[in-house]
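Coordinate analysis (summary)
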Amino acid sequence: MNSAPEPMPLRSLAEIRRVLARLFIPAANAIEHVLAWSAFRRLHQARARPPARTW
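Now for a look at the structure at hand. Remember, it's a predicted structure, so these values are computed and weren't measured experimentally.

With that out of the way, let us pick up the packing of helix α1 (residues 13-24) against helix α2 (residues 31-48). At their nearest, the axes of α1 and α2 sit 9 Å apart, and the two run at 165° to each other. One finds that α1 runs roughly antiparallel with respect to α2. Pair α1 / α2 crosses with right-handed handedness. Counting all contacts with α1, which are made through Glu15, Arg18, Val19, Arg22 and Leu23, the residues of α2 involved are Ile31, Val34, Trp37, Ser38, Arg41 and Arg42. Here the residues of the contact of α1 with α2 sort into 5 nonpolar, 1 polar and 5 charged.

With that settled, consider the packing of aromatic side chains. All chains considered together, the criterion is met by 0 aromatic pairs. The side chain of arginine 18 reaches across the aromatic face of tryptophan 37, ending 3.8 Å from its centre.

Of note, glutamine 45 is situated in helix α2. Considered as a pair, glutamine 45 and proline 9 are 36 residues apart in the sequence and their alpha carbons are 7.0 Å apart.

Attention now moves to a nonpolar patch on the surface. On the surface, Ile16, Leu20, Leu23, Phe24, Ile31 and Leu35 cluster together to form a nonpolar patch covering roughly 560 Å² of accessible area. Sorting elements by how many residues they give to the nonpolar patch places α1 first, with 4 residues. On the basis of relative accessibility, which here comes to 36%, the residue isoleucine 16 falls in the partly exposed class.

Criteria and thresholds
Chains are numbered independently. Their residues run from 1 in the order of the written sequence. Predicted model: local features are reported for residues with pLDDT of at least 70 only, side-chain atom pairs are reported and counted for 80 or more only, and whole-chain, interface and lining totals are derived from all residues. Heavy atoms throughout the structure, all of them, feed into the side-chain values; hydrogens and water do not. To obtain each axis, a line is fitted to C-alpha atoms, and for helices this fit is confined to the stretch in contact; angles are then taken between N-to-C directions over 0 to 180 degrees. Each helix is a run of H or I in the DSSP string that is no shorter than four residues. Each strand is a run of E no shorter than two, and both are numbered from the N terminus. Here is the rule for angles: anything less than 35 degrees is roughly parallel, anything more than 145 is roughly antiparallel, 65 through 115 is roughly perpendicular, and the remaining ranges are oblique. In a left-handed crossing the near helix is turned counterclockwise from the far helix by less than a right angle, and in a right-handed crossing that turn is clockwise. When checking whether two residues touch, look at their non-hydrogen atoms; a contact exists if any pair is within 4.5 Å. Ten residues, namely Ala, Val, Leu, Ile, Met, Phe, Trp, Tyr, Cys and Pro, are considered nonpolar, four, namely Asp, Glu, Lys and Arg, are considered charged, and the remaining ones, Gly among them, are considered polar. Here a pair means two rings of Phe, Tyr or Trp (six-membered ring of Trp) with centres within 6.5 Å. Their orientation is stacked below 30 degrees between planes, edge-to-face above 60, and tilted elsewhere. Placement of a charge over a ring requires the Lys NZ or Arg CZ to be within 6 Å of the ring centre, with the centre-to-atom vector within 35 degrees of the ring normal. Within this analysis, patches are made of residues with over 30% relative accessible area and no salt bridge. Like charges are joined at 9 Å or less; nonpolar side chains (Val, Leu, Ile, Met, Phe, Trp, Tyr) at 5 Å or less. Each accessible area value is a Shrake-Rupley result obtained with a 1.4 Å probe; residue values ignore everything except the protein chains displayed when judging cover. In the sections that follow, a salt bridge refers to a side-chain nitrogen of Lys or Arg positioned within 4 Å of a carboxyl oxygen of Asp or Glu. To sort residues, take the accessible area from a 1.4 Å probe on protein chains only and compare it with the maximum for the residue type: under 20% means buried, over 50% means exposed, and anything in between is partly exposed.

Have a look at this one:
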């Protein structure tokens, strides 16, 4: 069954630093790539969490 998608976890301080560094350092990747990486990481973190208990 496909239920509503689980909310993605909040960004960690390390992730925020990485995204900002990639956005503002000239040698950094394109903005689209950086944001796609961030979304990919958070999606996989959400999938790795154990299912919420429903009592």
